[in-house]
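Architecture at a glance
Here is how the chains run, residue by residue.
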Amino acid sequence: MYKRQATHAATVTPFDGRGRLADGSSLPLLANVGHATDARTAAAAGAEGVGLFRTEFCFLDRTDAPTVAEQVAAYRGVLAAFPGRKVVVRTLDAGSDKPLPFANADHEQNPALGVRGLRIARRNPQLLDDQLRALAEAASAESAHVEVMAPMIATVEEAREFAAAARAAGLERVGVMIETPSAAILAAEMFEVVDFVSLGTNDLTQYTLAADRLLGELGDLTDPWQPAVLRLIAAVGSAGRAANRAVGVCGEAGGDPALAPVLVGLGATSLSMTPRSLGRVAAALGALTPQQCRAAAEAALAAATAAEAREAAAVAIAR
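Keep in mind that this is a model prediction, so the values were computed, not measured.

Compared with the 24 Å implied by 1.5 Å per residue over 17 residues, the 25 Å span of helix α4 (residues 125-141) between its first and last C-alpha is a close match. Residues of α4 that are buried: L127, L128, Q131, L132, A134, L135, A136, A138 and A139. The elements touched by buried residues of α4 are α2 (68-79), β3 (86-90), α3 (120-123), β4 (145-150) and α5 (156-168).

Here E142 shows up in the loop between α4 and β4. For the pair formed by E142 and A81, sequence separation is 61 residues and the distance between their alpha carbons is 9.7 Å. Setting aside chain neighbours within four positions, we find E142 in contact with R76, L79 and A80. Polar side-chain contacts of E142 include one of 2.8 Å to the side chain of R76.

Packing of helix α8 (residues 201-209) against helix α9 (residues 227-243) leaves a shortest axis separation of 9 Å and a crossing angle of 120°. Taken together, α8 and α9 sit at an angle that is classed as oblique. Where α8 crosses over α9, the handedness of that crossing is right-handed. Between α8, through T201, L204, T205, T208 and L209, and α9, the contact on the second element is made entirely by A228, V229, L232 and I233.

This next bit is on the confidence of the model for the protein. Averaged over all residues, the pLDDT of the protein equals 93, while 94% of them reach at least 70. Taken as a whole, residues 1-10 scores under 50 in pLDDT and shows 22 contacts with residues more than four places along the chain or in a different chain.

Let's shift gears to the sheet that holds strand β7 (residues 246-249). Ordered in space as β1-β2-β3-β4-β5-β6-β7-β8, the 8 strands form a closed barrel in which the pairing is parallel. Here the average twist between neighbouring strands, direction ignored, is 30°. Direction of pairing for strand β1 (residues 29-33) relative to strand β8 (residues 270-273): parallel, over a ladder of 3 bridges. Pairing of L30 across the sheet is with S272, part of β8.

Rules used in this analysis
- Residues numbered from 1 in each chain as written.
- Predicted model: local features only at pLDDT ≥ 70, side-chain atom pairs only at ≥ 80, totals over all residues.
- Heavy atoms only, no water.
- Helix = DSSP H or I, 4+ residues; strand = E, 2+ residues; numbered from the N terminus.
- Expected span 1.5 Å × (residues − 1).
- Buried < 20%, exposed > 50% of the residue type's maximum accessible area, 1.4 Å probe, protein only.
- Contact = heavy atoms within 4.5 Å.
- Polar contact = N/O pair within 3.5 Å; in protein donor to acceptor, adjacent residues only side chain to side chain.
- Axes fitted to C-alpha atoms, helices over the stretch in contact; angles between N-to-C directions.
- Parallel < 35°, antiparallel > 145°, perpendicular 65-115°, else oblique.
- Left-handed = near helix turned anticlockwise from the far one by under 90°.
- pLDDT = per-residue confidence, 0-100.
- Pairing = 2+ DSSP bridges.

This is the structure we're talking about:
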């Protein structure tokens, strides 16, 4: 079973604010945040930027949607913590385990496969329009380099329509989350309509293995070391290299020091994680060359099971 990273304060490793490999090549280490307090904590921990700004906090525990002005104020609080640095904003990802009374309160037999993420805009396009407008206003008022991405993308049409809406609102850098197998398989086509992608490894694993990630008894199936997941990530990385586009990782896997080198070897160009993981991941990557990362990735890809992939990567790194 996949073991979650320890969170005790004693395990925190210092981070000097610059992710790099042993040869000196840069590998940005970013933070996952949910609100302004998170952002300030991440900045203090040395995060080079934000790879995942979850905007749900503006919408949860409400009976009606926040106004554009309310959203602008909330977003500025996060952007202000990273002046001159990248902040990747994920649009509303409600649904499944986070239903909203004004968006998707209907009972669904399979909510993880239902109206969630970008699909909420099918029912309430004004929610997305207002959020994009608010993000553009917040971005113009702060100096952070804002990028926006949509969650739960499954088709190129969805990516194209989202990109058009975001750019029309004044947001220049637009991307999508790779959380479904279909999006991973279509990565090359996705890069024709968006500027970057970010791998949400938690959901990508869930959907690839058809295993609810909230069910503890299926923990062995929701392990990002599963070869099927690694091979989808490799396909996205290959498409990113071919298109010369950024491939981020913002799922939990990005904060695993053992898996991070494999992700880099598979083509990840940045990793985003909780601030407490920054030091451990930086230390792991700083001891390895790009060649070692690629060797670890190749070894993991050739494995037939998650346990074998983990062991093969460790052996390849130790050589």
